[in-house]
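Okay, here's what each chain looks like letter by letter:
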Amino acid sequence: MARKFFVGGNFKIRKQEGLHDPTPERHAEKNHNTHRNGTSASVKSIVENLNNATLDPSVEVVISPPALYLILTRELLKGEIGVAAQNVFDKPNGAFTGEISVSQLIDSKIDWTILGHSERRTILGESDTTVASKTAYAIANGLSVMWCCGESLEEREADKTVEVVTKQLDALKAEISDWSKIVIAYEPIWAIGTGKVATTQQAQDVHAAIRNWLKTAVSDKAADETRILYGGSVNEKNCGELSKQPDIDGFLVGGASLKPAFVDIINCQQ
Ligand code: PEP
């Protein structure tokens, strides 16, 4: 079965760069916000850019703004582009100060979430088990998930990449049986935000190992149908070669998703 190419944009809590501001008002608004990260003005500007762009209709696109701007983004963004949270809690609504629940996302028409991003694993201390539990809860309650995995530089240099990714996948498998709402994002930590992209061969090798794991640990169907994205310093220059690899079904893009060139990444197969 042909897997639909998928491009996700993870804004983190950063501002956009280099977008054309069509009106003097917007220009003033942007200048006002220039030194602040992830403002409503910057999110509006990115959304406007995407709304006006001609995007390859054969590509599924989902963007992930900071939580405070999810509703604004959903209201302004054209319907064919999905919106994702960057994190979600794994308990129903209740006394959980500071968290956002799955049902609140669904109520706000947000259909996706990123989970297990390496920044949450390393900075916020989320374990393989926590990420798996959140993923299971999100899927069981109606969200689709961009589930992230990947190794540190130390682990790669110790030749432990596949071992680390397999351990992350095993923890996920212990919690879920429905793989139809999961997109796997392989994001080597050493490539995220560093400008140091994995070579096409490095990325393809790990993607093939993940697909092989799906085949042996889950099913032929999951191996055939699950999209495996590459993330880590993807830009408009390197996306073309990466996209030609047989097991790369799209990208999770950080920094470049804030720039007009995100459109070139979405359209990289044309
Ligand atoms: C990310 O944050 O998921 C990511 C891949 O970032 P960047 O593209 O900036 O490396």
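Residues numbered from 1 in each chain as written. Predicted model: local features only at pLDDT ≥ 70, side-chain atom pairs only at ≥ 80, totals over all residues. Heavy atoms only, no water.

How we decide: UniProt positions are given in the numbering used here, feature names are shortened, and annotations may be inferred rather than shown by experiment.
Naming follows an unreviewed UniProt entry, where the protein chain appears as Triosephosphate isomerase of Zalerion maritima. In the Subunit (unreviewed entry) part of its UniProt record, the protein chain is described as follows: "Homodimer." UniProt annotates the protein chain under Catalytic activity (unreviewed entry) with the comment "D-glyceraldehyde 3-phosphate = dihydroxyacetone phosphate".

### With respect to the sheet that holds strand β3 (residues 82-85)
Test applied: A pair of strands is labelled paired if DSSP reports no fewer than 2 bridges between them. By definition, any uninterrupted DSSP run of H or I lasting at least four residues is a helix, any uninterrupted run of E lasting at least two residues is a strand, and each is numbered from the N terminus. Axis definition: a line fitted to C-alpha atoms, limited for helices to the stretch in contact. Angles are taken between N-to-C directions and run from 0 to 180 degrees. We call two residues in contact when some of their heavy atoms are within 4.5 Å.
The eight strands lie next to each other as β1-β2-β3-β4-β5-β6-β7-β8, forming a closed barrel whose pairing is parallel. Neighbour-to-neighbour, the strand axes of this sheet turn through a mean angle of 25 degrees, independent of strand direction. Examined bridge by bridge, strand β1 (residues 5-10) and strand β2 (residues 59-64) share six bridges and lie parallel to one another. Directly across from Asn10, in β2, lies its bridge partner Ser64. Sheet strands touched by helix α9 (residues 200-218): β5 (144-149), β6 (182-186) and β7 (228-231). Its angle to β7, the strand with the most contacts, is close to 150 degrees.

### Here we look at unusual backbone geometry
Using the following cut-off: Only protein chains enter the accessibility calculation, which uses a 1.4 Å probe; a residue is then buried when its area is under 20% of its type maximum, exposed when over 50%, and partly exposed in between.
One non-glycine residue, Lys109, adopts positive backbone phi at about 65 degrees. In this fold, Lys109 is placed in the loop between α4 (102-107) and β4 (112-115). Taking the relative accessible area as the measure of exposure, Lys109 reaches 57% and is therefore exposed. You will see that Asp159, though not glycine, has its phi angle at about 65 degrees, which is positive. Among the structural elements, Asp159 can be located in the loop between α7 (153-157) and α8 (161-173). Judged by its relative accessible area of 70%, Asp159 is exposed.

### A short note on the pairing of strand β8 (residues 250-253)
Two faces make up the sheet, and in a regular strand the side chains alternate between them. The alternating pattern of β8 places Gly250 and Leu252 and Phe251 and Val253 on opposite faces, both of which are buried. Of the strand pairs in this sheet, β1 and β8 are connected by four bridges, and their pairing is parallel. Its bridge partner being in β8, Gly9 is matched across the sheet by Val253. Pairing of β7 with β8, which is carried by two bridges, proceeds in the parallel orientation. Paired with Gly231 across the two strands is Leu252, which belongs to β8.

### Examining the site of the ligand
Our working rule: In these notes, residues near a molecule or strand are those with any non-hydrogen atom within 4 Å of it. We define a polar contact as two N or O atoms separated by no more than 3.5 Å, with the added condition that, inside protein, one atom must be a possible hydrogen donor and the other a possible acceptor, whereas residues neighbouring each other in sequence contribute only through side-chain atom pairs. Polarity classes work like this: nonpolar for Ala, Val, Leu, Ile, Met, Phe, Trp, Tyr, Cys and Pro, charged for Asp, Glu, Lys and Arg, and polar for all others, with Gly in that last group.
Inspection of the region around the ligand gives 15 residues, with Lys12, Glu187, Gly193, Ser233 and Gly254 positioned closest. Within the backbone of Gly255, one N or O atom sits 2.8 Å away from an oxygen atom of the ligand. By residue class, the composition of the shell around the ligand is four nonpolar, eight polar and three charged.

### With respect to the pairing of β4
To keep it simple, the criterion reads: We call a crossover right-handed when, viewed with the strands running away from us, the connection from the first strand over the helix to the second turns clockwise.
Along β4, one buried face is formed by Trp112 and Ile114 and the opposite face, lined by Thr113 and Leu115, is buried too. As judged from the two bridges shared by β3 and β4, these two strands associate in the parallel manner. By the bridge assignment for β4, Ala85 is matched with Thr113. Handedness of the β3-α4-β4 crossover: right-handed.

### Observations concerning the packing of α8 against α9
The cut-off we apply is this: Crossing handedness is read from the near helix: turned anticlockwise from the far helix by less than a right angle, it gives a left-handed crossing, and turned clockwise, a right-handed one.
It is at 11 Å that the axes of α8 and α9 come closest, and there the two elements cross at 40 degrees. Here α8 and α9 pass one another in a crossing that is right-handed. Each of Thr161, Val162, Val165, Thr166, Leu169, Asp170 and Lys173 in α8 lies in contact with α9, whose residues at this interface are Val206, Ala209, Ile210, Trp213 and Ala217. Looking at the contact of α8 with α9 residue by residue, the class counts come to eight nonpolar, two polar and two charged.

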